[in-house]
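Here are the chains, one letter per residue:
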Amino acid sequence: MRNLLSMEHLSNEEVMQIIERAAQFEDGEMTRLEKSYNVANLFFEPSTRTKTSFEMAERKVGCTVIPFDADFSSALKGETMYDTVKTLEMIGMDAVVIRAKEDEYYNELLEGINVAVINAGDGAGQHPSQSLLDLYTIHKEFSSFEGLKVTIVGDISHSRVAKSNATALKRLGVNVRFLCPPEWAGDFEAYHSWDGLIEDSDVIMLLRIQHERHVINKSFSKESYHEQYGLTFELEAKMKKNAIIMHPAPVNRDVEIVSELVECERSRIFDQVRNGVFVRMAILETLLEGRSI
Amino acid sequence: MRNLLSMEHLSNEEVMQIIERAAQFEDGEMTRLEKSYNVANLFFEPSTRTKTSFEMAERKVGCTVIPFDADFSSALKGETMYDTVKTLEMIGMDAVVIRAKEDEYYNELLEGINVAVINAGDGAGQHPSQSLLDLYTIHKEFSSFEGLKVTIVGDISHSRVAKSNATALKRLGVNVRFLCPPEWAGDFEAYHSWDGLIEDSDVIMLLRIQHERHVINKSFSKESYHEQYGLTFELEAKMKKNAIIMHPAPVNRDVEIVSELVECERSRIFDQVRNGVFVRMAILETLLEGRSI
Amino acid sequence: MRNLLSMEHLSNEEVMQIIERAAQFEDGEMTRLEKSYNVANLFFEPSTRTKTSFEMAERKVGCTVIPFDADFSSALKGETMYDTVKTLEMIGMDAVVIRAKEDEYYNELLEGINVAVINAGDGAGQHPSQSLLDLYTIHKEFSSFEGLKVTIVGDISHSRVAKSNATALKRLGVNVRFLCPPEWAGDFEAYHSWDGLIEDSDVIMLLRIQHERHVINKSFSKESYHEQYGLTFELEAKMKKNAIIMHPAPVNRDVEIVSELVECERSRIFDQVRNGVFVRMAILETLLEGRSI
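Residues numbered from 1 in each chain as written. Chains lettered and ligands numbered in written order. Predicted model: local features only at pLDDT ≥ 70, side-chain atom pairs only at ≥ 80, totals over all residues. Heavy atoms only, no water.

**Side note on the pattern of salt bridges**
Reasoning step 1: Within the structure shown, the criterion is met by 51 salt bridges over all chains.
Reasoning step 2: As a salt-bridge pair, Arg177 of chain B and Asp200 of chain B come within 2.9 Å of each other at their nearest N and O atoms. Of this pair, Arg177 of chain B sits in strand β6 (residues 175-179) while Asp200 of chain B sits in the loop between β6 and β7 (203-206); the two residues are 23 residues apart in sequence, bridging distant segments of the chain.
Reasoning step 3: Arg177 of chain B gets classed as buried once you look at its relative accessible area, which sits at 8%.
Reasoning step 4: A relative accessible area of 24% places Asp200 of chain B in the partly exposed class.
Reasoning step 5: Ionic pairing is found between Lys51 of chain C and Glu55 of chain C, a salt bridge with its closest N-O pair at 3.1 Å. Of this pair, Lys51 of chain C and Glu55 of chain C both sit in helix α2 (residues 49-60), four residues apart, which is roughly one turn of the helix.
Reasoning step 6: Here Lys51 of chain C falls in the buried class, since its relative accessible area comes to 11%. (Salt bridge = Lys/Arg side-chain N within 4 Å of Asp/Glu carboxyl O. Helix = DSSP H or I, 4+ residues; strand = E, 2+ residues; numbered from the N terminus. Buried < 20%, exposed > 50% of the residue type's maximum accessible area, 1.4 Å probe, protein only.)

Spelled out as structure tokens, the structure:
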């Protein structure tokens, strides 16, 4: 594994190896990479948790992190992604972590580039490190994937989390169901009501309403979304005994979920953030040491 | 002491312990914290000296500093301060340094947050690390506070420096006087002329005219401010033999003070910047090691 | 040598010493500076390669790099360059690397400042570290400068690269020729056609069309520039056997040069980026250790 671009490129075995390695990191194991690798984080869209999580993971595996101001770079002068990444390679990077607005921006990096490329989100495409931390969180909870019922709720068509997770979860034997307003289903077959979904779900995976990406329907307010698709006290009370709530965050409190439930006992929302660091350590180690996973 | 939010929370003893520890750092003592703590600096307003000073102090006490772009973060997506800081806690921070526009933004961090919070300025509220470095600078000069006369000059009502310092100085036995245009006195009792103040002050503490925060009166020009309240050669000549000039900077040269006086013999303006690093090292050590000061 | 501000301040001997030291770094030699120096990079204009290259070089010579957000600093509050740099000196910097919009902004830093100042580009003025890496690249190729023919092509009058390089190359015995549209010659005597230049040039040094700085003539399109002054397959085929192509980048592909030639055999465009790190390591070592070169 040289790059991490899309969950579609990962086999179940590769997913499980990342999960197992992340668990070792969570148990306190240290990595000692063969050398101090140089890494840069190119975030062309705002991000707190993904960027900061990578920054932390990079330091924990002993990388030197070279700062890169995406909002103040030569990309503003019209430089291509290829030229930006090739430049960073010549300066001495071993890996780059990239978030960009364009779907599959990484296609122009597949040839001629010799640094490891980690996709931290491409437009409405994929977000594989988020997906792997979600899988890690689920696996940590249930110790396997086979036969679990996961309900993904929200703006399916625009969500890279939904796409990345649906791909991987189905392949791992999970029964994935989508719940969303009809306008947001995209190519997916989706439910439009919680009826019959809330009671038997092992995981309720809420997606963020991405105000900043689009407004499907201006008459569709936050309040009406919350009323029909938000996770309320009433719904939470109907969940299975060991079922959990997930959300990639940032949460719109009282939209996707009642604010008081964000840190309730079955919520794994902040655990996901914590797990992300271990998963990204495993990703970095795998790519930088070119391990044949 | 777990957080540093406002000078009002610090006892005289705590202030003196920070001052004494900072003096040891200035004398070349090294700190060896028990472990390498992780710190992030969240500056939601522009800053050179405070942010850079913390960045330096953090490295000098051996912290790992994880970069955080406040102007490019999920706060732009409407994330609450609580959720941002909780996220950073889960990623592994031990402390966060925050500057924000909202007065007392830190109130939402008092419960549920387990990282140390250092307030680096809240709106028109407090700026305790600046205050502590001011106190350090005065103490270094006069070896005690009792009976000193300090005149604070400028936009009292909007200045967090004025508020933080007035609180602490009075409690330490200093005679604090305010000088400002009547419109800028706020709740403070203030003088409106240098007469009787310049000759017996031990410290003239100039405040910055904060163009970016407000315009009290558009007809009140920089020139007329300088004429009535600026520190001129004539005024400087009337100061006591050992009296000093202070300013939190950035200075508006030829507004608060004649440009040529910024580095005059009795100016401590750039010394304050230097002292700030030692004081912030003492703050970080105190909070991170949870010393019972 | 205390500062690096302009190629005009460097003797041929100083240039050669930097080149020789950079070559040692490229050969794998390590530097061990006497102490860990503190450095800040103040980039008031967007930059990828220069800033990132300095960031890498600083770490490779063992500096501690203190982050500085130029687009979010007190400079926004109208602070002078002198006060900003003096502040950084008091905070503990040993050197600052500065890129700024104003020509010769460094003149206000010549007195009263005790940190080393490295000019990383001043308006339409100089860019000495870029010039030194260009010289390094040429010297690496031809092992000497004497008698070489270098043709500089593009917006001569607005290019700091052209100015810095012309100064140094001529003094080193190079025959420098300029090729550009008549409007862009400025004070230089220039050719306006490739005829007679392409066949005998040892180095074709292309400059970047700087859209962001000016539009000389709105009717002068990218296409017409490419047609008359761009490096095409036809021209490349006429170049001398060992002649090389250089460009400071970022390249406007298919404007200054046909996209497919950017990584052709005789192109040194990405090598220049790689060389830049070694050259900047040599610059930092020289300035920080105050070597009498």
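**Things to note about the UniProt feature "binding site: L-aspartate" (unreviewed entry) in chain A**
Residue and element names in this part refer to chain A.
Reasoning step 1: In the numbering used here, UniProt assigns the "binding site: L-aspartate" (unreviewed entry) feature to Lys77, Arg160 and Arg208. With the annotated positions falling across 132 residues, the maximum pairwise C-alpha distance of 32.1 Å shows that they are not confined to a single cluster.
Reasoning step 2: Inspection of the secondary structure assignment puts Arg160 in helix α5 (residues 160-171).
Reasoning step 3: Given a relative accessible area of 9%, Arg160 falls into the buried group.
Reasoning step 4: Its place among the elements puts Arg208 in the loop between β7 (203-206) and α6 (222-229).
Reasoning step 5: Polar contacts involving the side chain of Arg208 include one to the main-chain carbonyl oxygen of Pro250, which spans 2.8 Å. (UniProt positions renumbered as here; feature names shortened; annotations may be inferred. Polar contact = N/O pair within 3.5 Å; in protein donor to acceptor, adjacent residues only side chain to side chain.)

**Re α5 of chain A**
All names here are of chain A.
Reasoning step 1: Counted at 1.5 Å a residue, the expected span for α5 with its 12 residues is 16 Å, and the 17 Å between its end C-alpha atoms agrees.
Reasoning step 2: All buried positions along α5 are accounted for by Arg160, Val161, Ala162, Ser164, Asn165, Ala166, Ala168 and Leu169.
Reasoning step 3: In this structure, the buried residues of α5 make contact with β3 (95-100), β4 (116-122), α4 (128-142), β5 (149-153), β6 (175-179) and β7.
Reasoning step 4: Two or three places before Val161, at the start of α5, stands the capping residue Ser159, its side-chain oxygen 3.2 Å from that residue's backbone nitrogen.
Reasoning step 5: At the exit of α5 stands Gly173, carrying a positive phi of roughly 95 degrees. (Expected span 1.5 Å × (residues − 1). Contact = heavy atoms within 4.5 Å.)

**Notes on the relation of the copies chain C and chain A**
Reasoning step 1: Superposing chain C onto chain A takes a rotation of 120 degrees combined with a translation of 0.0 Å along the rotation axis, leaving an RMSD of 0.0 Å. Such a turn and shift between the copies fits a three-fold axis. Among all residues of chain C, the minimum C-alpha distance to the rotation axis is found for Pro67 of chain C, at 5.0 Å.
Reasoning step 2: A share of only 4% of interface residues in chain C that are also interface residues in chain A marks the association as one of differing surfaces. (Least-squares fit on C-alpha atoms with pLDDT ≥ 70 in both.)

**Digging into the layout of surface pockets**
Reasoning step 1: In this structure, the largest pocket encloses a volume near 860 Å³.
Reasoning step 2: Residue lining of the largest pocket: 35 residues in total, with Arg59 and Val65 of chain A, Arg59 of chain B together with Arg59 and Val65 of chain C positioned closest to the centre.
Reasoning step 3: Of all the secondary structure elements, the ones that give two or more residues to the lining of the largest pocket are α2 (49-60) and β2 (64-65) of chain A, α2 (49-60) and β2 (64-65) of chain B together with β1 (38-43), α2 and β2 (64-65) of chain C. (1 Å grid on protein atoms, 1.4 Å probe; cavity = no way out; pocket = protein on both sides within 12 Å on 5 of 7 lines; lining within 4 Å. Points joined across faces, edges and corners; volume = space filled by probe spheres on them.)

**Describing the interface of chain C and chain A**
Reasoning step 1: At the interface, 27 residues of chain C touch 25 residues of chain A.
Reasoning step 2: Summing the contributions of chain C and of chain A, the shared interface buries around 2,200 Å²; its carbon and sulfur component is 61%.
Reasoning step 3: Residues Arg253 of chain C and Asp83 of chain A are paired through a salt bridge, measuring 2.6 Å at the closest nitrogen-oxygen approach.
Reasoning step 4: Here chain C is connected to chain A by four residue pairs in polar contact (both at pLDDT 80 or more).
Reasoning step 5: Elements with a minimum of two residues in the side of chain C that touches chain A: α2 and α8 (269-288) of chain C.
Reasoning step 6: Of the residues contributing to the side of chain C that touches chain A, the split by class is nine nonpolar, five polar and 13 charged. (Buried area = accessible area lost by both parts, 1.4 Å probe. Nonpolar A, V, L, I, M, F, W, Y, C, P; charged D, E, K, R; others polar.)

**Observations regarding the interface of chain B and chain C**
Reasoning step 1: Between chain B and chain C, the residue contacts involve 27 residues of the former and 25 residues of the latter.
Reasoning step 2: Here chain B packs against chain C, burying approximately 2,200 Å² in sum over the two surfaces, 61% of which is carbon and sulfur.
Reasoning step 3: Linking chain B to chain C there are three salt bridges.
Reasoning step 4: The partner of Glu79 of chain C in a salt bridge is Arg49 of chain B, and the shortest N-O contact between them spans 2.2 Å.

**So, the sheet that holds β6 of chain B**
All names here are of chain B.
Reasoning step 1: Here we have four strands laid out as an open sheet, ordered β6-β5-β7-β8, and parallel in their pairing. For this open sheet the edge positions go to β6 and β8 (244-246), each flanked by a neighbour on one side alone. Put simply, the sheet's adjacent strands are angled 20 degrees from each other on average, direction ignored.
Reasoning step 2: Of the strand pairs in this sheet, strand β5 (residues 149-153) and β6 are connected by five bridges, and their pairing is parallel. In the sheet register, Ile152 faces β6, and the bridge partner there is Phe178.
Reasoning step 3: Against the sheet, helix α5 (residues 160-171) contacts β5, β6 and β7, and its axis sits at roughly 155 degrees relative to β6. (Pairing = 2+ DSSP bridges. Axes fitted to C-alpha atoms, helices over the stretch in contact; angles between N-to-C directions.)

**Remarks on the packing of α2 of chain B against helix α3 (residues 81-91) of chain C**
Reasoning step 1: One way to put it is that α2 of chain B packs onto α3 of chain C with a least axis distance of 10 Å and a crossing angle of 25 degrees. Classed by the angle they form, the pair α2 of chain B and α3 of chain C counts as roughly parallel. The crossing of α2 of chain B and α3 of chain C is right-handed. Residues Arg49, Thr52, Ser53 and Met56 of chain B of α2 of chain B pack against Thr87, Leu88 and Ile91 of chain C of α3 of chain C.
Reasoning step 2: Here the residues of the contact of α2 of chain B with α3 of chain C are counted per class, giving three nonpolar, three polar and one charged. (Parallel < 35°, antiparallel > 145°, perpendicular 65-115°, else oblique. Left-handed = near helix turned anticlockwise from the far one by under 90°.)

**Quick word on the relation of the copies chain B and chain C**
Reasoning step 1: The transform that puts chain B on chain C rotates by 120 degrees and translates by 0.0 Å along the axis, for an RMSD of 0.0 Å.
Reasoning step 2: In this assembly the copies use different faces: only 4% of the residues contributing to the interface of chain B also contribute to that of chain C.

**Regarding the pairing of strand β3 (residues 95-100) of chain B**
All names here are of chain B.
Reasoning step 1: By the criterion of burial, β3 is predominantly enclosed, with six of the six residues buried.
Reasoning step 2: Going residue by residue along β3, you find Ala95, Val97 and Arg99 tucked away on one face and Val96, Ile98 and Ala100 tucked away on the opposite face as well.
Reasoning step 3: Examined bridge by bridge, β3 and strand β4 (residues 116-122) share five bridges and lie parallel to one another. Residue pairing in the sheet places Ile98 in a bridge with Asn119 of β4.

**Comments concerning the side chain of His226 of chain A**
All names here are of chain A.
Reasoning step 1: Mapping His226 onto the fold places it in helix α6.
Reasoning step 2: A relative accessible area of 16% places His226 in the buried class.
Reasoning step 3: A polar contact of 2.7 Å, which involves the side chain of His226, links it to the backbone oxygen of Val255.
Reasoning step 4: Aside from chain neighbours lying at most four places away, what touches His226 is Leu231, Thr232, Asp254, Val255, Ile257 and Val258.

**Considerations on the environment of Leu287 of chain B**
Reasoning step 1: Positionally, Leu287 of chain B belongs in helix α8 (residues 269-288).
Reasoning step 2: Separated by 284 residues in the primary sequence, Leu287 of chain B and Asn3 of chain B place their C-alpha atoms 6.6 Å from one another.

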